[in-house]
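Coordinates in review
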Amino acid sequence: MELTSHAALTRDDIDAAAVRIAGGVRPVVLAPADLPGAGESWLALEFMQHTGTFKARGALNFLRAHRDLATLPEAGVTIASGGNAGLACAWAARAQGVTATVFLPANAPAVKVARLRDYGARVRLVGDQYADALAACHEFAAESGALMSHAYDNPLIAAGAGTLMTEIHQRLPDLDTVVVAVGGGGLFAGIATAAHRYGVRTVAVEPLHCRALDAALAAGRPVDVTVDSVAADSLGARRASGLAVAAALRTGARSVLVSDDEIVAARRMLWAERRLAVEHGAATALAGVIGGESGHGYRPDTGERVCVVLCGANTDPSDLAG
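Residues numbered from 1 in each chain as written. Predicted model: local features only at pLDDT ≥ 70, side-chain atom pairs only at ≥ 80, totals over all residues. Heavy atoms only, no water.

**A short note on the sheet that holds strand β5 (residues 122-125)**
How we decide: Note on pairing: DSSP must find at least two bridges between two strands before they are called paired. Secondary structure elements follow DSSP: runs of H or I no shorter than four residues count as helices, runs of E no shorter than two count as strands, and numbering proceeds from the N terminus. Residue contacts follow a heavy-atom distance rule, with two residues in contact if any of their heavy atoms lie within 4.5 Å. Orientation is described by axes fitted as lines to C-alpha atoms, over the contacting stretch for helices, and by angles from 0 to 180 degrees between their N-to-C directions.
Overall, parallel pairing links the four strands, which are arranged β5-β4-β3-β6 in an open sheet. Since the sheet does not close on itself, it has two edges, and those belong to β5 and β6 (147-148), each with one partner. Where strand β4 (residues 100-104) meets β5, four bridges bridge the pair, whose relative direction is parallel. Across the sheet, residue V102 finds its bridge partner in β5, namely V123. Lying over the sheet, helix α4 (residues 110-118) contacts β4 and β5, oriented at roughly 150 degrees with respect to β5.

So, in C-alpha cells, the structure goes:
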C-alpha cells in the first residue's frame, strides 16, 4: 500500500490494516439499541477504544506500516491536532517506542495538553488557531525529518478506521445498514469501503451546518464549507477528504443531515437511558436515526438490521446531569 493519498481505499487496504493492528487495539463492543422502526438494532461502543475514540486504529496502522517499511524516522512522528487525532497519535507513538511531537494552539484546553503529556508526547503550543499549529507542524517536519501524520486524510488512517466495520461484520454477518457520523471522512471512508464489500448500506450523518461530505457530493468534488455546530470539535472539518468522497460515490452511501438540537437530544438520551457519556460527534450518528425535527433523518424499513457507531467519548459530562 502506498503511504501517500490515493483516489480510492480498497478492501485489501483494510485487510492489511486488520492484520497490522491485531492485538494492539480493543475489539469493538456491541450493545442492543432498540431503535424505533428497526428490526435488530445495535450500538457499536467504539468510544471504549484506547484514547476514547476510533482514531487509535488509524494511528496505530499508520505507524506500524511505516515501521514495517523502515520509513519511520528517528525524529518520530508529528501532527497538528489538539483533539482526538493528536491523542491517538501520541498513544500509538508510545506503543511503538517513538516520539510524538504534537502542535496545538496556545489556547488549547489544559486537560488535553495534560493527556498528551501523559502519553509521552512533546507538546508545542503555537499561535491561537489551528492553522498556526499546522504551519508550525509542517515547518518542524521539514526541519527535523519527523513523519507528518494527519487526522483523517491519509489512506493508512482511513484503512485502520475501516477495521471497525470488519469487526462489526464478524459479529453481525446479517447486518443491513451501518450508521456513522462524518467529519473529515477518515472513519466514513473506511467504514463505507468495508461495508460495501459485505453488501451493507452506509448512512453518513453530519450536522446541518457542518456538512463537508454532503456539500462535496452536491458539488461532485471536495469543497470548503462553513463550520458551525455543537459537534464541530470533532466533526468540524472544512473540507471532506478525497478518499471519503470517492468512497461515498463508489458505494452509494446515503447522506443525512441533523440539527444541533437533535444531536444534543440524542446525546442526552444516551446518558438518561443508558448512562453512556459520548461526544456530540458520536451522538450525531444516533441523531441521524432517531431525530425528526429537521425532516432529514434516516428511517429504517420494518425489520431492517441497523448498527449505529458511537465513535468517541472525550467529552465533558457535566452538562448531562439532570
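From this point, things continue past the structure.
**Some thoughts on the packing of aromatic side chains**
Note the threshold: The aromatic pairing rule takes the rings of Phe, Tyr and Trp, using the six-membered ring of Trp, and pairs them if the centres are within 6.5 Å, calling planes under 30 degrees apart stacked, those over 60 edge-to-face and the rest tilted. Partly exposed describes any residue whose relative accessible area lies between the buried limit of under 20% and the exposed limit of over 50%, with all areas from a 1.4 Å probe on protein chains only and scaled to the type maximum.
What the rule picks out here adds up to one aromatic pair. Where F103 meets F140, the ring centres are 5.6 Å apart and the plane angle is 55 degrees; that geometry is what we call tilted. On the criterion of sequence distance, the pair formed by F103 in strand β4 and F140 in helix α5 (residues 130-144) is long-range, its members being 37 residues apart. Each member of the pair, F103 as well as F140, is classed as buried.

**Thoughts on the sheet that holds strand β10 (residues 306-310)**
Reading across the sheet, the six strands line up as β1-β2-β10-β7-β8-β9 and stay open at both edges, with mixed pairing between neighbours. Pairing within the sheet leaves two strands with one partner each, and these edge strands are β1 (30-32) and β9 (254-258). Neighbour to neighbour, the strand axes of the sheet diverge by 25 degrees on average, direction disregarded. Note that strand β2 (residues 41-45) and β10 share five bridges and pair parallel. Note on β10: the bridge partner recorded for L43 is V308. Against the sheet, helix α8 (residues 212-219) contacts β8 (201-207) and β9, and its axis sits at roughly 110 degrees relative to β8.

**Describing the side chain of H66**
Put simply, the rule reads: Side-chain atoms alone can form a polar contact between residues adjacent in sequence; in general such a contact is a pair of N or O atoms within 3.5 Å, and within protein one must be able to donate a hydrogen while the other accepts it.
For H66, the position within the fold is in helix α2 (residues 55-68). The exposure class assigned to H66 is buried, which follows from its relative accessible area of 5%. Among the polar contacts listed, one links the side chain of H66 to the side chain of T71, at a separation of 2.8 Å.

**Structural notes on helix α1 (residues 11-21)**
Which entries qualify depends on this criterion: In this description, one arc is meant: the one made by directions from the helix axis to the C-beta atoms.
Every buried residue belonging to α1 is among D13, I14, A17, R20 and I21, and all of these are buried. Around the axis of α1, the buried residues are gathered within 120 degrees of arc, so they sit on the same side. Those residues of α1 that are exposed and aimed more than 90 degrees away from the buried face are D12 and V19. Contacts from the buried residues of α1 go to α2, α6 (155-171) and α7 (186-197). Directly after α1, the chain includes G23, whose backbone phi takes a positive value near 85 degrees.

Fair warning: the whole summary comes from geometry, so function is off the table for now.
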